[in-house]
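Reading the structure
If you want the building blocks of each chain, they are given just below.
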Amino acid sequence: WDVEPERTLTGKIEDTGTIFLTNKECPFHCLMCDLWKNTSDEPVPPGAIPAQIEWALERMPPVKHIKLYNSGSFFDGGAIPRRDYPDIAALLKSFETVIVESHTKFIDERVLKFNEMLDAELQVAVGLETVHPEILPILNKRMTLNDFRNGIDFLHRNKIRSRAFILLSLPFLLPDESEEWAKRSIDFAFG
């Protein structure tokens, strides 16, 4: 776990906790990702994720905002068992904001079910990385810009906030080109 200051939606800087959950490796194997580190060979059994969260919360100083980062997508049933959602939500009842990461492939009814269990505001972070038409496929994200748009639209239609990860330095491009594509990616994400 870690705690660091982060800008909130209101513009205030507040401490935000991050819990790094140990789990099986993400099935996507994206080129730029390091989520394969510190993973287990098999999916964790039911109850293991709530136990990890409880362990971290017992040691973490009080914060209002919490991120749950696992070795893949929070809403991937092979990573976070759905039967653990109620226990996870109960552990997070004191937070104002709960932030999880997900690939667009898993942004569907699972998100809505988990959101219904939370007292906090749910935010879902998605790795867009880039809108560069040649680089995005090379990153092996197995996601198109239309997939990103559809996932984010689903979240917004259901009044769930989103975050996007953008790569500032793209592989295979010069720094000036990377900067331009990062700006285009940010514009696309906000659009």
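Bear in mind that the values here come from a model prediction, so they are computed numbers and not experimental data. (Residues numbered from 1 in each chain as written. Predicted model: local features only at pLDDT ≥ 70, side-chain atom pairs only at ≥ 80, totals over all residues. Heavy atoms only, no water.)

**Re the packing of aromatic side chains**
For any pair of aromatic rings, the description rests on two quantities: the centre-to-centre distance and the angle between the ring planes. Taken as a whole and assessed by the stated rule, the structure comprises 7 aromatic pairs. Judged by centre distance (5.1 Å) and plane angle (80 degrees), the rings of Phe74 and Phe75 are edge-to-face. One exposure class covers both Phe74 and Phe75, and it is buried. When the centroid spacing of 5.9 Å and the interplanar angle of 40 degrees are considered together, the rings of Phe148 and Phe188 count as tilted. (Phe/Tyr/Trp six-rings, centres within 6.5 Å; stacked < 30°, edge-to-face > 60°. Buried < 20%, exposed > 50% of the residue type's maximum accessible area, 1.4 Å probe, protein only.)

**Digging into the sheet that holds strand 3 (residues 65-69)**
On the basis of which strands lie adjacent, the open sheet formed by 6 strands has the order 1-2-3-4-5-6 and mixed pairing. The open sheet terminates on both sides in strands that have one partner only, identified here as strand 1 (2-7) and strand 6 (161-166). When the angles between neighbouring strand axes are averaged without regard to direction, this sheet yields 30 degrees. Here 6 bridges tie strand 1 to strand 2 (residues 13-20), and the two strands are oriented antiparallel to one another. Pairing of Val3 across the sheet is with Gly17, part of strand 2. (Pairing = 2+ DSSP bridges. Helix = DSSP H or I, 4+ residues; strand = E, 2+ residues; numbered from the N terminus. Axes fitted to C-alpha atoms, helices over the stretch in contact; angles between N-to-C directions.)

**With respect to helix 3 (residues 109-117)**
Where helix 3 is concerned, the buried positions are Arg110, Val111, Leu112 and Phe114. Summarising the contacts, the buried residues of helix 3 are in contact with helix 2 (85-91), strand 5 (121-129) and helix 5 (145-157). (Contact = heavy atoms within 4.5 Å.)

**Some words on unusual backbone geometry**
Positioned with a positive phi, Arg142 is a non-glycine residue whose angle comes to about 55 degrees. With respect to the secondary-structure elements, Arg142 resides in the loop between helix 4 (135-138) and helix 5. The phi dihedral of Phe172 falls on the positive side, at around 75 degrees, and the residue is not glycine.

**Quick word on the confidence of the model for the chain**
Overall, the predicted model of the chain reaches an average pLDDT of 91, with 94% of residues at or above 70. By mean pLDDT, helix 4 is the weakest element of the chain at 90, and helix 2 is the strongest at 98. (pLDDT = per-residue confidence, 0-100.)

**Describing the pairing of strand 5**
With respect to burial, strand 5 is a largely interior element, 8 of its 9 residues being buried. Sheet topology places strand 4 (residues 97-101) next to strand 5; 5 bridges connect them, and they run parallel. The residue of strand 5 that forms the bridge with Thr97 is Glu121. Crossover strand 4 to strand 5 through helix 3 is right-handed. Where strand 5 lies against strand 6, 6 bridges are found, and the strand directions are parallel. Looking at the pairing, Gln123 lines up with Arg161 of strand 6. (Right-handed = clockwise from strand over helix to strand, strands pointing away.)

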